[in-house]
Number of protein chains: 2
Amino acid sequence: MNDADGRPMTTAFVPGHITGFFSTHPDPEPAAAGSRGAGLALSDGVTVTVSRGAGTRLNGDSVEIAAVDHVIDHLGVEATVDAETSLPLGAGFGVSGAMALGTALAANAAFGCHRTENELVEIAHCAEVEAGTGLGDVVAQARGGLPIRLEPGGPRHGALDGLPARPRIEYLTFGELSTETVLAGDTDRLSAAGEAALDELLAEPTAEQFLRSSKTFAEDAGLLTDDVRDAITAVEQAGGQAAMAMLGRTVFALGTGLSAAGYEPAVCRTDAAGGRLVDVEDS
Amino acid sequence: MNDADGRPMTTAFVPGHITGFFSTHPDPEPAAAGSRGAGLALSDGVTVTVSRGAGTRLNGDSVEIAAVDHVIDHLGVEATVDAETSLPLGAGFGVSGAMALGTALAANAAFGCHRTENELVEIAHCAEVEAGTGLGDVVAQARGGLPIRLEPGGPRHGALDGLPARPRIEYLTFGELSTETVLAGDTDRLSAAGEAALDELLAEPTAEQFLRSSKTFAEDAGLLTDDVRDAITAVEQAGGQAAMAMLGRTVFALGTGLSAAGYEPAVCRTDAAGGRLVDVEDS
């Protein structure tokens, strides 16, 4: 497609991604660095439109997002990135990863970069790793569904599986947690808890076990905040299941867990497709 | 979900899959056997509903589909499979692969088999290989999009990539070709042509190059039928691009290729998600 001035313009949609638990696996090579763990790709996501120009906007505001800049530099294009999302920012929904992957997909199409999907996912994954803003969101967002990161890294190094389910998801955010701060701190305890949670999930690969393993992880990793703990307890007292999104002061639940407990959550589904180009014929 | 009698009942959707070119890679282990090549996952597909019982129906008619039986046996369930599709049968759309994968996804959910997505894809892939009805459809149908089969086999052995595009697709079928007969014959010439086509596509990974490589493959492999050749020529004379679906007397085109040449084709899009559970909330 072209914009009103006839310049190439392409739009991609990338699902939000909630990580329930993870372990960190640093590596000198960004394409091999990453995380193991599991999460949910959400039908609420980020729409990224790329055209010729410069500068990045998020919901109409100019922003600096290092991962997006890295993607543009790597592809060697001069691009304006215009992103729209209803997802909370800095609260564990993988918005920076979605912007990096959406920029890669849309810029490749707009500027004829002739990369494959794996190559674009690797570019966006490396951009996130180099920016220090994420380790596993991009590969999960590219896959869609309920992704399990079996092995860390981009497509050439990592390995993915998924839970065959399509639950309704409710979520509620109390505020931000800094991914950079947590990832820059002592991650040994966190990673031990993440490895244990992954073993548990692979022994019983269901959405319900994913919630149980995620809740245990948040406690064992020492990341649970009081507001999130209170909400999880309230959901459980109402007969539901909830856990904490990594990394944000965000609680998520299966089905009607939060609304049954009296909250007014955002509601979405899992997104089966993962990051993809969209156009007017899709809407 | 339950059916009217309260029995568990689950539905999956699996996209149709057109293979443009391929090479065959037999292996004593079905999970390692498969094909390399590239194709299109179609928004036209097969809806598979599984409940307790026995017997398989396709568009209301009782059918025997060996790959479906293998999946049911492997999961150890007693299941009725009810499949609906608008796709032509035996004409290169991967209907048997879609039924195998849809049965695996839906039966796992209906009967609580606790398999991961990779495990279900492997079960369906092996069922197709053992039945002799397909080598690469299942892994492509599980992935969605425009799948490139880089390495043959199920998820533990194979490797996939994809073309980052979402073209409109038109198709038209003149009749059946037997997959079993072609795969049981001399596949050396076919596989040499398939390997050459894959190299070409990876050098320029675009939808347009996929059509060019697919057309060359059909000629070089000696599979092009006169009716399909005539239709491809007509599309090209009208300024479009078309190729032959493997394995069927089916022509497919990008965009409005067939309709611009005066045909009345079926029209769909590529399906970005691949095989997935569906339920009433999706419709």
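- An unreviewed UniProt entry lists chain A under the name Pantoate kinase, with Halohasta litchfieldiae as the source organism.
- Recorded in UniProt under Pathway (unreviewed entry), the annotation for chain A is "Cofactor biosynthesis; coenzyme A biosynthesis."

## Quick word on the pairing of strand β2 (residues 34-52) of chain A
All names here are of chain A.
Thinking step 1. Counting buried positions along β2 yields 16 of 19 residues, so the element is predominantly enclosed.
Thinking step 2. The pairing of strand β1 (residues 9-25) with β2 spans 16 bridges and is classified as antiparallel. Looking across to β2, one finds that Thr24 is bridged to Ser35.
Thinking step 3. Summarising the sheet, β2 and strand β6 (residues 147-151) pair through two bridges and their orientation is antiparallel. Its bridge partner lying in β6, Ala38 is registered against Ile148.
Thinking step 4. Note that β2 and strand β5 (residues 79-85) share seven bridges and pair antiparallel. Residue pairing across strands places Arg52 opposite Ala79, the latter belonging to β5.

## Here's the deal with the UniProt feature "domain: GHMP kinase N-terminal" (unreviewed entry) in chain A
Thinking step 1. In the UniProt entry, the feature "domain: GHMP kinase N-terminal" (unreviewed entry) is given for residues 67-145 of chain A.
Thinking step 2. This span, residues 67-145 of chain A, is 61% helix and 9% strand, and a straight line between its end C-alpha atoms measures 23 Å.

## Concerning the sheet that holds strand β11 (residues 266-269) of chain A
Residue and element names in this part refer to chain A.
Thinking step 1. Pairing within the open sheet is antiparallel, and its four strands lie in the order β9-β10-β8-β11. This sheet does not close on itself; its edge strands, each paired only once, are β9 (242-244) and β11. Strand-to-strand twist in this sheet, taken as the mean axis angle between neighbours without regard to direction, amounts to 30 degrees.
Thinking step 2. Here β9 runs beside strand β10 (residues 248-254); their pairing, made up of three bridges, is antiparallel. Across the sheet, Ala243 pairs through a bridge with Phe252, a residue of β10.

## Things to note about the interface of chain B and chain A
Thinking step 1. Counting residues at the interface gives 29 residues for chain B, matched by 29 residues for chain A.
Thinking step 2. Here chain B and chain A share an interface that buries about 2,400 Å² over both sides, 49% of which is from carbon and sulfur atoms.
Thinking step 3. Considering only the surface of chain B that becomes buried against chain A, Glu117, Pro164 and Arg166 of chain B emerge as the three largest contributors, covering 24% of it.
Thinking step 4. Connecting chain B to chain A are two salt bridges.
Thinking step 5. In this structure, the salt-bridge partner of Glu117 of chain A is Arg143 of chain B, at a minimum N-O distance of 2.6 Å.
Thinking step 6. Counting the contacts that link chain B with chain A gives 14 residue pairs in polar contact (both at pLDDT 80 or more).
Thinking step 7. Looking at the side of chain B that touches chain A residue by residue, the classes come out as 12 nonpolar, six polar and 11 charged.

## Digging into the packing of helix α6 (residues 188-203) of chain A against helix α7 (residues 207-220) of chain A
Residue and element names in this part refer to chain A.
Thinking step 1. Their axes nearest at 9 Å, the elements α6 and α7 cross at an angle of 165 degrees. By the angle between their directions, the pair α6 and α7 is classed as roughly antiparallel. For the element pair α6 and α7, the recorded crossing hand is right-handed. On α7, the residues touching Arg189, Leu190, Ala193, Gly194, Ala197, Glu200 and Leu201 of α6 are Gln209, Phe210, Ser213, Phe217, Glu219 and Asp220.
Thinking step 2. Residues belonging to the contact of α6 with α7 are distributed by class as follows: six nonpolar, three polar and four charged.

## Here's the deal with the pairing of β5 of chain A
All names here are of chain A.
Thinking step 1. With five of its seven residues buried, β5 lies for the most part within the structure.
Thinking step 2. In this structure, strand β3 (residues 56-58) lies alongside β5, joined through three bridges in parallel fashion. Note on β5: the bridge partner recorded for Leu58 is Ala83.

## Description of the relation of the copies chain B and chain A
The operation relating the pair of chain copies consists of a rotation about an axis and a translation along that axis.
Thinking step 1. Expressed as a screw transformation, the operator carrying chain B onto chain A has a rotation angle of 180 degrees and an axial translation of 0.0 Å, and the superposed copies differ by an RMSD of 0.0 Å. Accordingly, the operation relating the two chain copies is best matched by a two-fold axis. Within chain B, Ala273 of chain B has its C-alpha nearest the rotation axis, a separation of 1.7 Å.
Thinking step 2. When the interface residues of chain B are mapped onto chain A, 100% of them are again interface residues, pointing to one common binding face.

## Digging into the environment of Gln241 of chain A
All names here are of chain A.
Thinking step 1. Counting through the fold element by element, Gln241 comes out in the loop between α8 (226-237) and β9.
Thinking step 2. Overall, the relative accessible area of 22% leaves Gln241 in the partly exposed class.
Thinking step 3. Sequence spacing of Gln241 and Phe111 is 130 residues, and the spatial spacing of their C-alpha atoms is 45 Å.
Thinking step 4. Setting aside residues no more than four positions away along its own chain, Gln241 makes contact with Glu208, Leu211, Arg212, Val235, Phe252, Ala253 and Leu254.
Thinking step 5. Among the polar contacts made by the side chain of Gln241, one reaches the main-chain carbonyl oxygen of Glu208 at a distance of 3.0 Å.

## Description of the packing of helix α1 (residues 66-75) of chain A against helix α3 (residues 117-131) of chain A
All names here are of chain A.
Thinking step 1. Relative orientation of the contacting elements α1 and α3 amounts to 135 degrees, with a least axis distance of 8 Å. Regarding the angle of α1 to α3, the classification is oblique. The way α1 lies across α3 gives a crossing that is right-handed. Of α3, the residues touching α1 (which contributes Ala66, Ala67, His70, Val71, His74 and Leu75) are Leu120, Ile123, Ala124, Ala127, Glu128, Glu130 and Ala131.

## Structural notes on the sheet that holds strand β10 (residues 248-254) of chain B
All names here are of chain B.
Thinking step 1. Strand order in the open sheet made by the four strands is β9-β10-β8-β11, with antiparallel pairing throughout. Among the strands making up the open sheet, the edge pair consists of β9 (242-244) and β11 (266-269). Neighbouring strand axes in the sheet, compared pairwise and without regard to direction, differ in orientation by 30 degrees on average.
Thinking step 2. Where strand β8 (residues 168-176) meets β10, seven bridges bridge the pair, whose relative direction is antiparallel.

Definitions and cut-offs
- Residues numbered from 1 in each chain as written.
- Chains lettered and ligands numbered in written order.
- Predicted model: local features only at pLDDT ≥ 70, side-chain atom pairs only at ≥ 80, totals over all residues.
- Heavy atoms only, no water.
- UniProt positions renumbered as here; feature names shortened; annotations may be inferred.
- Buried < 20%, exposed > 50% of the residue type's maximum accessible area, 1.4 Å probe, protein only.
- Helix = DSSP H or I, 4+ residues; strand = E, 2+ residues; numbered from the N terminus.
- Pairing = 2+ DSSP bridges.
- Axes fitted to C-alpha atoms, helices over the stretch in contact; angles between N-to-C directions.
- Contact = heavy atoms within 4.5 Å.
- Buried area = accessible area lost by both parts, 1.4 Å probe.
- Salt bridge = Lys/Arg side-chain N within 4 Å of Asp/Glu carboxyl O.
- Polar contact = N/O pair within 3.5 Å; in protein donor to acceptor, adjacent residues only side chain to side chain.
- Nonpolar A, V, L, I, M, F, W, Y, C, P; charged D, E, K, R; others polar.
- Parallel < 35°, antiparallel > 145°, perpendicular 65-115°, else oblique.
- Left-handed = near helix turned anticlockwise from the far one by under 90°.
- Least-squares fit on C-alpha atoms with pLDDT ≥ 70 in both.

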